[in-house]
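Here is what each chain is made of, one letter per residue.
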Amino acid sequence: MNKVMFWMLLVGLTSLVGCTTSPLQQLRTVQPSRYDAVDYYSWVILAPPDAVLQELARLEVTVDVPGAEESLVQMAVLISAMTTDPEQEMRALSLLNTFEERAATSPVESDYQAFAGLWRQVLELRLQSHSVDERIQALEHERRSLREQIEALTSIEQQLDRRGQSRDGLREPRTP
């Protein structure tokens, strides 16, 4: 999962290298809605929190506007790029589903269509990772519970052994 994020960031930053101005300067001066998909992702990663909140408000208004399908991908990236919250990732996947449905009937910039497919894969991998992490935690809890049961049984066995030895010790002197 981290490799995918690294490569996506690397591709985004590499595409910015060809700019005549500093990439950071450009990302802070241009409106995010005018970015291509990879540049938008880069902007989300580098943007200050107040700019992200403003962008979120802008996208909330535009995601339902016909012809603004790219806003769906932007919203999906915005809400899921900087978090690992499964609920946000599921919301982002839902936005990508809506994007794909709309893109099937109306023209969409090809870079957003390709990026949406890649971002879907990233989110699906993250969600799989979350389910694996949850399963690992459940198994770890079960292992601890079983360990406690084994320790309790071992303690009972030791007590029974001691009782058996003390009974044997009491019986021996009585036998002639």
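Before reading on, note that the structure itself is shown above.
Counting from 1, residues in each chain are numbered in the order their sequence is written. In keeping with the model being predicted, local features are shown solely for residues with a pLDDT of at least 70 and side-chain atom pairs are shown and tallied solely at 80 or more, while totals for entire chains, interfaces and linings include all residues. Processing note: side-chain calculations cover all non-hydrogen atoms of the structure and skip hydrogens and water entirely.

1. Some remarks on the overall build of the protein chain
For step 1, the next point in the chain: Only DSSP runs of H or I with at least four residues qualify as helices, and only runs of E with at least two residues qualify as strands; both kinds are numbered from the N terminus onward. Along the protein chain, the regular secondary structure elements total seven helices and zero strands.
For step 2, the next point in the chain: Within the protein chain, buried positions represent 31% of all 176 residues.
For step 3, the next point in the chain: A fraction of 57% describes how many contacts in the protein chain between residues 6 or more apart in sequence connect residues 24 or more apart.
For step 4, the next point in the chain: Computed with the Shrake-Rupley method and a 1.4 Å probe, the accessible areas treat only the protein chains shown as cover for residues. For the protein chain, the exposed area adds up to about 11700 Å²; of that, 56% sits on carbon and sulfur atoms. Exposure is judged per residue with a 1.4 Å probe applied to protein chains only, and the accessible area is read against the type maximum: over 50% gives exposed, under 20% gives buried, and values in between give partly exposed. Working rule for contacts: check all heavy atoms of both residues, and any pair within 4.5 Å makes them a contact.

2. Re helix α6 (residues 86-103)
For step 1, the next point in the chain: Along its 18 residues, α6 runs 25 Å from first to last C-alpha, staying within 8% of the 26 Å computed at 1.5 Å per residue.
For step 2, the next point in the chain: All buried positions along α6 are accounted for by Glu 89, Ala 92, Leu 93, Leu 95, Leu 96, Phe 99, Arg 102 and Ala 103. Here a helix's expected span is defined as the number of its residues, less one, multiplied by 1.5 Å.

3. Section: the side chain of Glu 70
For step 1, the next point in the chain: Relative to the assigned elements, Glu 70 resides in helix α5 (residues 69-80).
For step 2, the next point in the chain: Arg 102 provides the closest opposite charge to the buried, salt-bridge-free Glu 70, at an N-O distance of 8.6 Å. We count Lys and Arg on the positive side and Asp and Glu on the negative side, and we leave His and both chain ends out. Think of a salt bridge as a Lys or Arg side-chain nitrogen and an Asp or Glu carboxyl oxygen that are within 4 Å of each other.

4. Quick look at the pattern of salt bridges
For step 1, the next point in the chain: Across all of its chains, the model carries eight salt bridges by this definition.
For step 2, the next point in the chain: For Glu 89, the salt bridge is made with Arg 126, and the minimal N-O distance between the two is 3.2 Å. Residue Glu 89 is located in helix α6, and its partner Arg 126 is located in helix α7 (residues 110-174); the two are separated by 37 residues in the primary sequence. Note on accessibility: Glu 89 and Arg 126 belong to one class, buried.
For step 3, the next point in the chain: Between Glu 100 and Arg 120 there is a salt bridge, with the nearest N and O atoms lying 3.1 Å from each other. Within this pair, whereas Glu 100 is found in helix α6, its partner Arg 120 is found in helix α7, the two being separated by 20 residues in sequence.
For step 4, the next point in the chain: For Glu 100, a relative accessible area of 38% puts it in the partly exposed group.

5. So, the nonpolar core
For step 1, the next point in the chain: What is meant by a nonpolar core is a set of buried Ala, Val, Leu, Ile, Met, Phe, Trp, Tyr and Cys residues, joined one to another through side-chain atoms within 4.5 Å. With 32 residues, the main nonpolar core has Tyr 40, Trp 43, Val 73, Val 77, Leu 96, Phe 99 and Trp 119 as its most contacted residues.
For step 2, the next point in the chain: Of all the secondary structure elements, the ones that give two or more residues to this core are α3 (37-46), α4 (49-62), α5, α6 and α7.

6. Quick look at the packing of α3 against α4
For step 1, the next point in the chain: Helix axes are fitted to C-alpha atoms over the stretch in contact, other axes to C-alpha atoms as well, and angles between N-to-C directions run from 0 to 180 degrees. Look at α3 against α4: their axes get within 9 Å of each other, and the N-to-C directions meet at 135°. By the angle between their directions, the pair α3 and α4 is classed as oblique. By crossing handedness, the relation of α3 to α4 is classed as left-handed. Residues Tyr 40, Trp 43 and Val 44 of α3 form the contact with α4, whose participating residues are Ala 51, Val 52, Glu 55 and Leu 59. Any angle that falls under 35 degrees is termed roughly parallel, while one over 145 is termed roughly antiparallel, one within 65 to 115 roughly perpendicular, and all others oblique. Here a crossing is taken to be left-handed if its near helix is turned anticlockwise relative to the far helix by less than a right angle, and right-handed if that turn runs clockwise.

On their own, these measurements won't tell you what the molecule is for.
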